[in-house]
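Structural overview
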Amino acid sequence: MTASPGSKSLPPVIVQKYGGTSVATPERIRHVAQRVLDTQRSGHSVVVVVSAMSGVTDSLIKLADQVSQTPTHREMDVLLATGEQTTIALTAMAINALGGKAVSLTGAQAGIITNGSHTSAKIANLSPRQIRKHLSDGLICIVAGFQGQTLHGRITTLGRGGSDLTAIAIAAALKAKNCEICTDVDGVYTCDPRIVPTARKIDEITYEEMLEMASSGSKVMQSRSVEFAKKFNVPFEVRSSFNTNRGTIVKEETPGLENVVLRGVSVERNQAKVTIPKVPDTPGAASRIFTALAEAGVVVDVIVQNASSSGTTDISFTLNRDELEKIGHTLDSVVKEIGAAPLVRKDGIAKLSVVGIGMRSHSGVAARLFEALGQGGINIQMISTSEIKIAVIIDEDKIVEAANLAHEAFGLANA
Ligand code: ADP
Ligand code: ASP
Ligand code: MG
């Protein structure tokens, strides 16, 4: 990260990111334009990061699918970046039409340099010289989220939900006073309110908890953006685009935050499970299996190996259902060579995770979760834990019930 040197002092910078639903229609773009102007008029320099209008990125992906089954990632990025480019122009026009002064910037113009991993590029450097110049001229900068360019000038994108990352990276580079992620909910809830109607808005959450929730299905934030915020210590607020209620502050851990046993519940659907029965219980067997999967580019999630009985063991792992296809026949030869039984695939499963730094100092969290699920007649197929998370794999058709039971068991609705 390099901050631009030598620029004259600016009013404090606020970075606001508006997601797809917030800019879904011309009316909503006009509404955003008014909010942004109000923010500037309250004595701030404003940088706005916008996503593509709701559904546009998905439509572009479908369009590509109609002309090619195997589009290159390079061309996908050129295509997908157009979604955000539309929104920056419209948002800047809307602000100008209200009498403000705004200028649109693509990711490249905003100084976002990435590596060459098309469709999931990593930000390598950000030098916001143009942004600072426009801000010092009193302009509002409207930056296209989700995109950057390589040192060789190739357009890249930052992975789905990547506008969150753009906003946090810009806030870090500009040392912004505030970074606001404006979305269609009032903040981060104790569970997705679409799944648990009694879910409650969380006032404050640590980076670590937000990261665990985001990476276990709470897609309100892109997990890579939270990782970035944690690494560079960029506190941010998740709040609504449609009202001025206080949102959720995501920040580093402070004393007191761990008094709460559990912060939230996450749900991840569309999972699949693969079991390899009768794997010989000898050194190197697991390595053979998981090396073959890694070479095929398969991303594995929870892994469980049973205790050995009569010299063999069962190994199961979960993965995203879309990854199942990638396995193809990759494992068939390995399974034969090591003398295990043919693998069994199962989809229609989901993962439920409970997250909270309070777990470090409170015992009995696992017991309470398992009891709630047991009483609800929900069978746990696999369990995995980390220092601040317990995750269980269950049938997908039970996931909503399970999330509600877990939420209730920990009293999250009235915490
Ligand atoms: P945007 O388009 O603004 O980026 P997203 O759709 O990416 O918005 O994220 C907002 C959505 O995230 C909400 O509508 C909500 O359904 C979902 N969501 C999932 N988990 C949570 C959670 N724990 N708290 C709040 N929203 C959540
Ligand atoms: N438009 C991109 C997506 O739909 C990026 C974003 O919305 O953050 O994934
Ligand atoms: Mg999003």
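Here the structure is a predicted model, which means the values were calculated and not measured.

Strand pairing in a sheet is mediated by backbone hydrogen bonds. Such pairs are either parallel or antiparallel. With respect to topology, 6 strands assemble into an open sheet ordered β14-β15-β13-β16-β18-β17, the strand pairing being antiparallel. Each having just a single partner strand, β14 (300-305) and β17 (382-386) make up the two edges of the open sheet. Across the sheet, the mean angle from the axis of one strand to that of its neighbour is 30 degrees, orientation sign disregarded. Inspection of the sheet shows strand β16 (residues 344-355) paired to strand β18 (residues 389-395) by 7 bridges, in the antiparallel sense. Bridge pairing in β18 places Leu352 opposite Val392. Against the sheet, helix α6 (residues 207-215) contacts β13 (264-280), β16, β17 and β18, and its axis sits at roughly 65 degrees relative to β13. Against the sheet, helix α8 (residues 285-295) touches β13, β14 and β15 (312-320), its axis set at about 20 degrees to β15.

The next thing to look at is helix α2 (residues 56-67). Given a rise of 1.5 Å per residue, 12 residues ought to cover 16 Å, and the 17 Å separating the end C-alpha atoms of α2 matches this to within 8%. For α2, the full list of buried residues reads Thr57, Leu60 and Ala64. Seen along its axis, α2 keeps its buried residues to an arc of 60 degrees; they face one direction. In α2, the exposed positions angled more than 90 degrees off the buried face are occupied by Lys62 and Gln66.

This paragraph deals with the packing of helix α1 (residues 26-41) against helix α3 (residues 73-97). Relative orientation of the contacting elements α1 and α3 amounts to 60 degrees, with a least axis distance of 8 Å. Classed by the angle they form, the pair α1 and α3 counts as oblique. Along this stretch, α1 crosses α3, giving a crossing that reads as right-handed. Contacts between α1 and α3 involve Ile29, Arg30, Val32, Ala33, Val36 and Leu37 on the former and, on the latter, Thr87, Leu90, Thr91, Ala94 and Ile95. Residues belonging to the contact of α1 with α3 are distributed by class as follows: 8 nonpolar, 2 polar and 1 charged.

Around ligand 2 lies a shell formed by Ser51, Ala52, Thr57, Glu84, Phe146, Arg160, Gly161, Gly162 and Ser163. Here Arg160 contributes a side-chain N or O atom positioned 2.7 Å from an oxygen atom of ligand 2. Burial of ligand 2 by the protein amounts to 86% of the accessible area it has alone, namely 260 Å².

Moving on, we get to the pairing of strand β6 (residues 140-144). When you tally the buried positions in β6, you get 5 out of 5 residues, the bulk of the element. Neither face of β6 is left uncovered, since the one carrying Ile140, Ile142 and Ala144 and the one carrying Cys141 and Val143 both have all their residues buried. Alignment of strand β2 (residues 45-50) against β6, held across 4 bridges, turns out to be parallel. If you follow Val49 over to β6, its bridge partner there is Val143. In this structure, strand β3 (residues 102-105) lies alongside β6, joined through 4 bridges in parallel fashion. Looking across to β6, one finds that Ala102 is bridged to Ile140.

Let us look at the layout of surface pockets. Taken as a whole, the second largest pocket holds about 270 Å³ of empty space. Lining the second largest pocket are 10 residues, with Lys122, Ile123, Arg224, Phe228 and Lys231 positioned closest to its centre. When residues of the lining of the second largest pocket are assigned to their parent elements, the largest contribution, 5 residues, is made by helix α7 (residues 223-232). Per-class residue counts for the lining of the second largest pocket are 6 nonpolar, no polar and 4 charged.

Turning our attention to the site of ligand 1. Surrounding ligand 1, one finds 18 residues, the nearest of these being Thr183, Asp184, Tyr189, Asp192 and Arg194. Asp184 places a polar side-chain atom, nitrogen or oxygen, 2.9 Å from an oxygen atom of ligand 1. Lys219 places a polar main-chain atom, nitrogen or oxygen, 3.5 Å from an oxygen atom of ligand 1. Compared with its free state, where it exposes 580 Å², ligand 1 has 83% of that area covered by protein.

Taken N-terminus to C-terminus, the directions of α2 and α3 make an angle of 150 degrees; their axes are 9 Å apart at the nearest point. Taken as a pair, α2 and α3 cross one another with a handedness that is right-handed. Here Val56, Thr57, Leu60, Ile61 and Ala64 of α2 lie close against α3, whose contacting residues are Met76, Leu79, Leu80, Thr82 and Gly83. Of the residues that constitute the contact of α2 with α3, the class distribution is 7 nonpolar, 3 polar and no charged.

Below, the discussion takes up the pattern of salt bridges. On inspection of all chains with the given rule, the structure shows 20 salt bridges. Measuring nitrogen to oxygen at the nearest pair gives 3.0 Å for the salt bridge that ties Arg74 to Glu75. A relative accessible area of 37% places Arg74 in the partly exposed class. For Glu75, a relative accessible area of 42% puts it in the partly exposed group. One salt bridge in this structure joins Glu208 and Arg360, with 3.0 Å as the shortest N-O distance. Placement of the pair is Glu208 in helix α6 and Arg360 in the loop between β16 and α11 (365-375), with a sequence separation of 152 residues.

Looking now at the nonpolar core. Here is a general trend for soluble globular proteins: nonpolar side chains tend to be buried in one another's company. One finds Val15, Val47, Ile131, Ile170, Met210 and Phe236 to be the most contacted residues of the largest nonpolar core, which totals 48 residues. If one sorts the elements of this core by residue count, helix α5 (residues 163-174) sits on top with 9 residues. Each residue touching Ile170, except ones within four places of it in the same chain, is listed here: Val15, Val47, Val49, Ile112, Leu126, Ile131 and Val143. Ranked by size, the runner-up nonpolar core spans 25 residues in total, among them Val196, Ala350, Ala402 and Phe410.

On average, residues of the chain score 95 in pLDDT, and 98% of them are at 70 or above. The low-confidence segment residues 1-7 (pLDDT under 50) makes 18 contacts with residues lying over four places distant or belonging to another chain.

The rules behind the values
Residues numbered from 1 in each chain as written. Chains lettered and ligands numbered in written order. Predicted model: local features only at pLDDT ≥ 70, side-chain atom pairs only at ≥ 80, totals over all residues. Heavy atoms only, no water. Pairing = 2+ DSSP bridges. Helix = DSSP H or I, 4+ residues; strand = E, 2+ residues; numbered from the N terminus. Axes fitted to C-alpha atoms, helices over the stretch in contact; angles between N-to-C directions. Contact = heavy atoms within 4.5 Å. Expected span 1.5 Å × (residues − 1). Buried < 20%, exposed > 50% of the residue type's maximum accessible area, 1.4 Å probe, protein only. Arc of directions from axis to C-beta. Parallel < 35°, antiparallel > 145°, perpendicular 65-115°, else oblique. Left-handed = near helix turned anticlockwise from the far one by under 90°. Nonpolar A, V, L, I, M, F, W, Y, C, P; charged D, E, K, R; others polar. Near = heavy atom within 4 Å. Polar contact = N/O pair within 3.5 Å; in protein donor to acceptor, adjacent residues only side chain to side chain. Areas by Shrake-Rupley, 256 points an atom, 1.4 Å probe, with all protein chains shown as cover. 1 Å grid on protein atoms, 1.4 Å probe; cavity = no way out; pocket = protein on both sides within 12 Å on 5 of 7 lines; lining within 4 Å. Points joined across faces, edges and corners; volume = space filled by probe spheres on them. Salt bridge = Lys/Arg side-chain N within 4 Å of Asp/Glu carboxyl O. Core = buried A, V, L, I, M, F, W, Y, C linked by side-chain atoms within 4.5 Å. pLDDT = per-residue confidence, 0-100.

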